Amino acid sequence: MTVINKYMGLVLLAFLFACKQEGKVAIVPVNDFFKIQDKATYRVSPDGKSLAYLKLQDKKQNLFVENIETGKTVQLTKLHEKNINFYSWVSNDELIYYKEKEGERFQSDLFIINKEGKNEQQLSKNDKNKIRVLDDQLVEDNFLLVSSNKRDSTVSDVYRLNVRNGEMQMAAQNPGNIIDWVTDARGMLRMAISSDGVNETLLYRENEGQKFSPIMTNNFKTTILPIAFSETKPNIVYAISNINRDKKALVELDCVTGKEKSVLFANDTLNVVDAEYSRQKGKMAYVVYETWKKHKHYLDDEAKVLYQKIDQLLPNTESRIISKDKNENVFVIRTFTDRNPGSYYLYVANTGNLKKLSDINSAIQVDQMCEMKPISYTSRDGIKIDGYLTLPLNTKASNLPIVVMPHNGPGQRNTWGFNAEVQFLANRGYGVLQVNYRGSSGYGKAFFAAGFKQWGGKIQDDVDDGVKWLIDQKIANPQKIAIYGNGLGGYIAINSAIKNPKLYKCAASNSGVLNLLSYIKSIPPFYKSSLQMYYEIFGNPDVDFEYMRQASPIFHADKVNIPIFITQNIKDPRINTSDAIQFVKELKKRNAPVSYYEKEEASFSINREESRQKMYSALEQFLEVNLKKK
């Protein structure tokens, strides 16, 4: 063999090896998918001169402020035992923040501090109560409007909180049925929403010297969501509404007559999910509607120019403005795609200057992540069901192992964007199917209501029909299909093992609901006003006991004959942890294949990395054994 031929042979061998390696997917470490942001929750000061953010230090988030012009940074807090779960600017020089105690949900202490880290003052100490800021602007340079349940744990009254001395004076007492309060652009309390659990009433007053008067009542299935009061048209509020229509629209509502004065955006096939009001211009800027992605429809030409400029500076990515100054010149922008958790940027409109602040998760390599594509199919009773399908890299869409991921609920939906769980599973070689079953939000009130009392029934059928569609399309290997979910998604997963064990090879639940009866009983006191709504969605134990029992996995352990994985945080107040323990005991008694894992999760996400890594490693092993074993 000549030297040239020998050299060419080595080149060819190297080329073939490179091609083989190119098709191989790197296994990303579990914890890389679920890392906590080093810097997060950016907020621009009203004057646009300062930028605040939370920074991770020794598993605690502390508050920092940076001078945008000079870059000088000041650390405002040095927390060791508590975490900050909310903060906000209240003036050009002052911020308020909550210190929340670990393990004590909803309990927090409110503080005010200046941007130099001085003159810190505690405004409230809540041992058993929760406090929420209704409007983050100071009124008369002294007062904040807050809601608190300190008078009665089941309802929230409105108080005028003096940030100079911590005194709270009642601004509006809750008669017992008010579930929300609405302020105008000046921080004045103008509107309230009451509920009897099923019907919601909108109440209005022109000024704070008047009493609230009811202007309309609607069933909870009907949305009327106030966005902002008009500053040029008396008694007009902009609201997202689906009154007398199936899909939500943006309307002008006359608060005197309770009638729509005009429609700013409506479409029989598109559902409005958000809208942006410009205080600086005194008008609506745009609406957001959702198909398989979120889209903007502009109502203001200047807003359109602004976003088009941002799109030019940040191409091939979705962007959201998450904070802005009073003059709407300095913005914090968050970007993301389905394959990228995204980044934060500071954008100054009048100079066109764009500065990257931080990545949401720098451990994620975009080229190792997978594309999330929209899919749709027809259910067995003729309803169109939408969802998403994420396939592993470098694989043909044929005969793949699949993990079905039904979303939590009620009234939620899967959306397009980066999902760490989905990408984790896809990286392990699984196709991931997400289904927006009937009862999901975003598809109109008829579709939402179609899911009522269909847990274990038509909701289950919708998910199963999605799996059968994947099999019919030859995408799924019918012998390698798992189902996994959180909360009510976990409920659907375990029900799948009971209702359709021939379709699924195994099922996994993360803090899943196993008993609809105890789920209803566990609703906390401050949600009691919504109890009748929960009765309509899930059933009333006094009337629908037999249906709820039949639909609850805990009563059907004898029907389980496929491998089950159950994990839960035994300190989680949102679920009845004894249900899972009882269910697992019954399965073990019957020698059913069950894996049970208790998470030792802290209350704050920044302290959960180790627990998360162990849980997802256990889930990975469970799926590997049951889906890929030959």
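Note: the structure precedes this text.
Residues numbered from 1 in each chain as written. Predicted model: local features only at pLDDT ≥ 70, side-chain atom pairs only at ≥ 80, totals over all residues. Heavy atoms only, no water.

### Description of the overall build of the protein
- Each helix and strand in the protein was counted, giving 12 helices and 35 strands.
- The C-alpha atoms of the protein give a radius of gyration of 26 Å, which matches the 25 Å a tight globule of 630 residues would have.
- Seen along its three principal axes, the alpha-carbon backbone of the protein occupies a region of about 90 × 75 × 50 Å.
- Counting over 630 residues, the protein shows a buried share of 53%.
- Carbon and sulfur atoms make up 47% of the accessible area of the protein, which amounts to about 29300 Å² in all.
- Of the side-chain charges in the protein, 85 are positive and 73 negative, and the distance between the mean point of each set is 5 Å. (Helix = DSSP H or I, 4+ residues; strand = E, 2+ residues; numbered from the N terminus. Rg over C-alpha atoms; globule rule 2.2 N^0.38 Å. Buried < 20%, exposed > 50% of the residue type's maximum accessible area, 1.4 Å probe, protein only. Areas by Shrake-Rupley, 256 points an atom, 1.4 Å probe, with all protein chains shown as cover. Lys, Arg positive; Asp, Glu negative; His and termini not counted. Charge placed at Lys NZ, Arg CZ, Asp CG, Glu CD.)

### Here we look at the pairing of strand E21 (residues 271-278)
- Alignment of E21 against strand E22 (residues 283-290), held across seven bridges, turns out to be antiparallel. Residue pairing for E22: Glu276 is matched across the bridge by Tyr286.
- Following E21, the chain reverses through four residues before pairing antiparallel with E22; Gly282 in that reversal takes a positive phi of roughly 70°. (Pairing = 2+ DSSP bridges.)

### Concerning the packing of aromatic side chains
- For the coordinates displayed, the defined rule picks out 29 aromatic pairs.
- Consider the rings of Tyr42 and Tyr344, whose centres lie 5.1 Å apart with planes at 55°: the pair is tilted. Taken together, the residues span a long stretch of sequence, with Tyr42 in strand E1 (residues 39-44) and Tyr344 in strand E26 (residues 343-348) at a distance of 302 residues. Just as Tyr42 is buried, Tyr344 falls in that class too.
- Here Tyr443 and Phe447 contribute two aromatic rings whose centre-to-centre distance is 5.3 Å and whose plane-to-plane angle is 55°, an arrangement assigned as tilted. (Phe/Tyr/Trp six-rings, centres within 6.5 Å; stacked < 30°, edge-to-face > 60°.)

### Here we look at the sheet that holds strand E14 (residues 189-195)
- Pairing is antiparallel in the open sheet, where four strands are placed in the order E13-E14-E15-E16. In this open sheet, the two strands that pair with only one neighbour each are strand E13 (178-183) and strand E16 (213-219). Averaged over all pairs of adjacent strands, the angle between their axes in this sheet comes to 20°, without regard to strand direction.
- One ladder, built from five bridges, connects E14 with strand E15 (residues 199-204); its direction is antiparallel. If you follow Met191 over to E15, its bridge partner there is Tyr204. (Axes fitted to C-alpha atoms, helices over the stretch in contact; angles between N-to-C directions.)

### Describing the nonpolar core
- Membership of the largest hydrophobic core comes to 61 residues, with the highest contact counts inside it found for Val404, Trp455, Tyr504, Phe538, Ile564 and Phe583.
- The element that contributes the greatest number of residues to this core is helix H7 (residues 488-499), accounting for seven residues.
- With near-sequence residues (within four places) excluded, Tyr504 lies in contact with Val404, Val463, Asp464, Val467, Ile481, Ala482, Ile483, Ser496 and Ile562.
- Grouped together as the second largest cluster of nonpolar side chains are 25 residues, Phe34, Ile364, Met369 and Val403 included. (Core = buried A, V, L, I, M, F, W, Y, C linked by side-chain atoms within 4.5 Å. Contact = heavy atoms within 4.5 Å.)

### Concerning the pattern of salt bridges
- Across all of its chains, the model carries 31 salt bridges by this definition.
- For Glu208, the salt bridge goes to Arg160, with nearest N and O atoms at 3.3 Å. One end of the pair, Glu208, is in the loop between E15 and E16; the other, Arg160, is in strand E11 (residues 157-162), with 48 residues separating them in the sequence.
- Glu252 is the partner of Lys233 in a salt bridge, and the nearest nitrogen-oxygen pair spans 2.6 Å. With a gap of 19 residues between them, Lys233 in the loop between strand E17 (224-229) and strand E18 (236-241) and Glu252 in strand E19 (residues 249-254) connect regions that are remote in the sequence.
- Accessibility expressed as a relative area gives 34% for Lys233, which makes it partly exposed.
- Overall, Glu252 belongs to the buried group, its relative accessible area being 6%.
- Bridged by salt links that share partners, the residues Glu276, Lys281, Glu302, Lys324 and Glu328 form one connected network. (Salt bridge = Lys/Arg side-chain N within 4 Å of Asp/Glu carboxyl O.)

Everything listed is a geometric property; what it means functionally is a separate question.
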